[in-house]
Amino acid sequence: MSIALQLLFTGIGIGAVYALVALGFVLIYRATNVVNFAQGQFAMLGAFGMVITTEGLGLPYWLGILLTLAAMALFGALFNLGVYYPLRHRSFLPVVISTIGASILLTNGVLATYGPEPATLPGLTDLPGLNFGGLFLDSQYLAIIAITLVLVVLQYLFFERTLLGKKLQATSQDKEMASLLGIPVAGMIMLTFVYSAVLGGIAGILVAPILFVSVGLGAQIALKAFAASIIGGFGDIPGAIAGGLAIGVIETFGAFYISVPYKDAYAFVLLFAFLLLRPQGLFGEKVSQKA
Amino acid sequence: MPHHHGHSRCRAALAGLPLAGLALIGSVLTSTARAQDILIGMATPLTGAAAESGRYAQWGAEMAVAEVNAAGGVLGRKLKLVIEDDQTSNPGIVAAFNRLASDPQIAVFLGSIRSTQVHAMDPDVRRVAKPVFFGGTDPLLTQAGDPWLFRARPNDSYSAKVIAAFGVETLHLQKWAIISSSDAFGSSGARLLTADLAALGIKPITQQSYPNQAADFTPVVLSVKNSGADAIGSYFTFEQDLGVFARQARQFGLRTTWVGSPSIADTAALHLAGPALWGTYGVADFNADSSPETHTFAEKYLALHHVPADNFGGWTYDSIHLAAIAIAAAKTTEPAKLRAAILAIQGYKGVEGTYDFDAQGDGLHGYNVVHNDHGKIVFVKRVDFPKP
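Predicted, not measured: the structure shown is a model, and the values here were computed from it.

## What about the sheet that holds strand 8 (residues 231-235) of chain B?
The strands that make up a sheet are held in pairs by hydrogen bonds between backbone atoms, and each pair lies either parallel or antiparallel.
All names here are of chain B.
Then comes step 1: Read from one edge of the open sheet, 7 strands run 7-6-8-9-10-13-14, paired in mixed fashion. Each having just a single partner strand, strand 7 (206-210) and strand 14 (376-384) make up the two edges of the open sheet. Taken pair by pair, the neighbouring strands of this sheet meet at an average axis angle of 20 degrees, ignoring direction.
Then comes step 2: Inspection of the sheet shows strand 6 (residues 176-181) paired to strand 7 by 5 bridges, in the parallel sense. Looking at strand 7, one finds that Ala-177 is bridged to Thr-206.
Then comes step 3: Packing against the sheet, helix 6 (residues 184-199) makes contact with strand 6, strand 7 and strand 8, and its axis sits at approximately 160 degrees to strand 6.

Quick look at the structure:
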């Protein structure tokens, strides 16, 4: 029983990181109808931002987080202006290719400026974790789960209870109608990129103490996060979170009870199963049911 | 106007002649200098998961090239490295090797320290038919009949023997867990270690393999902890995986004695895992205190690059010197004569050990045992085996 609980805890912790990155995928998809394949690199940049501010500049951890997230917000705006905005009137494919190009550029840009050496980053707390009768709760995983939970609640309140959130929702649902109603669509899309970059940055900051900081960090997470967003129903926010958690838990249990070498396969077996049996995902509607 | 225009074009052409002449002379001089250099092609990871170790490998090779050239070169010619990025991937190294091999002036190549990549490039090595030094430790690489592969590190038949013998006979460990990556290197290492433990009358109580770049090792750590193992024998391919495992093992209170393959004692692993590796043992082809040659190299490397030397720089450093010795002995870069000259190298004291090439192309036949004493890698002993 304690092993199952241990695996569940770890799976939720890893799954929460997938969920955070998946949220970025979904939010940008809802706002622009394209998939941003550089979402994983946002996490990598967030992790490097922390290394530069805390290890390089010697700033306190909390200040490092604030500066990194501020930099990520600025980066999200620039990403929108450089990668999406010039192609906004083009079809799906050129924009997707543009984001793939941006992800390659970001990875190699960091490699060229920072170098290939992986860096270490301390966790949010010096405490190793809590021990409850054989169940070890790693402090970093606890932080990941708690912060994800808070972000999800804040995000829900923002989208459902604020005018700005409703404007963002309106933009994602029908850009033309939103524009006719006087909503600044370009501004809303800019805000979505800014928020997605910050979310990616938070995911990178949270996972870096566990996986180390390297240029491969983004790719390591992004593929699973992408699968999570499809499993949840692409474009669906609760679905992205549930998909991320499901993948984290299933791959952790599968690795322990079935086989570790096939750990990465479980996420994609689940993905295939959903694509075959429930292509609309966990919470998505069937296309035929939409008005 | 057309006449005038024709004149100016003519003048421009005449004025350009000296420049063209200079460019031509420059080009001839450059190609003559290049023709006089002995080119060594090196495929190494400059990007991808192993980019850090690729840089160390490059530094080691460059140090040796500088030393050979400072001593007058080989056959009166300078050595020159031509480097291609293998992107830490099998397709990457195949492409990198073929780009290098398309230059007919390259006489000798340096391949990869990762067995899976050497397996991938092997068909092209046979086709190109020129000597390739490599560092991958899967024993099968030199047993598959490719006459052009030469190993500048000891293979895993020795590392497994040393891990098993040291763990069982010196540390008296009986209940073994084997952890290995699921690639060619890890699978081969796990198979050999299982066989060598069996020879000592021990059957591992659990075997765990994992995919490279695994984000989380909780299932592996819990499996080992639940097995009641008193020993871990490991073959980790990438230091980041080793670091994640070491830290999680420590967090979950897994205090099992750990004897690992060389990655457990290399610079990148020590940097990433830190105290999580304290108290572990490893077999290491490179150790700064194992010989005077190694010590001198390690000091020079540290002074130049400000990081401690390890096997990544060690095997490429030795490979360049071995190539230089073979070219000097063969008095030519003709591949067949070069191959014979490499196989004839006996008793050469490199930084990875003393090279006695056997007929299959293996140069080294032993390992150092090292101990991580609060982050410092301490030499325990050297174990050499007779050349087969």
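Picking up where we left off.
## As for the environment of Ala-340 of chain B
Residues and elements named next belong to chain B.
Then comes step 1: Residue placement: Ala-340 occurs in helix 12 (residues 335-343).
Then comes step 2: Of the residues examined, Ala-340 reaches a relative accessible area of 45% and is grouped as partly exposed.
Then comes step 3: Put simply, Ala-340 and Lys-203 are 137 residues apart on the chain and 42 Å apart in space, counted from C-alpha to C-alpha.

## Quick look at a nonpolar patch on the surface
Then comes step 1: Together, Val-150, Val-153, Leu-154, Tyr-156 and Leu-157 of chain A line one region of the surface with nonpolar side chains, adding up to about 460 Å² of accessible area.
Then comes step 2: Mapped onto the fold, Tyr-156 of chain A is located in helix 5 (residues 139-161).

## A word on the confidence of the model for chain B
Residues and elements named next belong to chain B.
Then comes step 1: On average, residues of chain B score 89 in pLDDT, and 91% of them are at 70 or above.
Then comes step 2: When the elements of chain B are averaged for pLDDT, helix 1 (residues 2-36) gives the smallest value, 49, and strand 4 (residues 132-134) the largest, 98.
Then comes step 3: Note on residues 1-15: pLDDT is under 50 here. Beyond four places in sequence and across chains, it has 0 contacts.

## Thoughts on the domain arrangement of chain B
Residues and elements named next belong to chain B.
Then comes step 1: Split by domain assignment, chain B resolves into domain 1 (1-36), domain 2 (37-154 + 292-357) and domain 3 (157-284 + 371-384).
Then comes step 2: The C-alpha centroid of domain 3 is placed 27 Å from the C-alpha centroid of domain 2.
Then comes step 3: Across the contact, 22 residues belong to domain 2 and 18 residues belong to domain 3.
Then comes step 4: Both faces considered, domain 2 and domain 3 share a buried interface measuring about 1,300 Å² in area, 60% of it formed by carbon and sulfur atoms.
Then comes step 5: Ranking the residues of domain 2 by area buried against domain 3 places Ala-49, Arg-114 and Pro-139 at the top, with a combined share of 28%.
Then comes step 6: Taken together, domain 2 and domain 3 are joined by 0 salt bridges.
Then comes step 7: Where domain 2 packs against domain 3, one counts 4 residue pairs in polar contact (both at pLDDT 80 or more).
Then comes step 8: For the side of domain 2 that touches domain 3, the elements supplying multiple residues, two or more each, are helix 2 (51-70), helix 4 (115-128) and helix 11 (311-330).
Then comes step 9: If you tally residues by element for the side of domain 2 that touches domain 3, the top one is helix 4, at 3 residues.

## Things to note about the interface of chain B and chain A
Think of interface size as the accessible area that goes away when the parts come together; that is how it is often given.
Then comes step 1: Across the boundary between the two partners, chain B contributes 30 residues, which contact 30 residues of chain A.
Then comes step 2: Carbon and sulfur atoms supply 62% of the area that chain B and chain A bury against each other, a total of about 2,600 Å² over both sides.
Then comes step 3: On the chain B side of the interface with chain A, the three residues burying the most area are Ala-215, Pro-219 and Gln-240 of chain B, jointly 19% of the side's total.
Then comes step 4: Between chain B and chain A we count 0 salt bridges in total.
Then comes step 5: Summed over the shared surface of chain B and chain A, the result is 7 residue pairs in polar contact (both at pLDDT 80 or more).

Reading the values: rules and limits
Residues numbered from 1 in each chain as written. Chains lettered and ligands numbered in written order. Predicted model: local features only at pLDDT ≥ 70, side-chain atom pairs only at ≥ 80, totals over all residues. Heavy atoms only, no water. Pairing = 2+ DSSP bridges. Helix = DSSP H or I, 4+ residues; strand = E, 2+ residues; numbered from the N terminus. Axes fitted to C-alpha atoms, helices over the stretch in contact; angles between N-to-C directions. Contact = heavy atoms within 4.5 Å. Buried < 20%, exposed > 50% of the residue type's maximum accessible area, 1.4 Å probe, protein only. Patch = residues over 30% accessible without salt bridge, like charges linked within 9 Å, V, L, I, M, F, W, Y side chains within 5 Å. Areas by Shrake-Rupley, 256 points an atom, 1.4 Å probe, with all protein chains shown as cover. Salt bridge = Lys/Arg side-chain N within 4 Å of Asp/Glu carboxyl O. pLDDT = per-residue confidence, 0-100. Domains from an automatic or database assignment. Buried area = accessible area lost by both parts, 1.4 Å probe. Polar contact = N/O pair within 3.5 Å; in protein donor to acceptor, adjacent residues only side chain to side chain.

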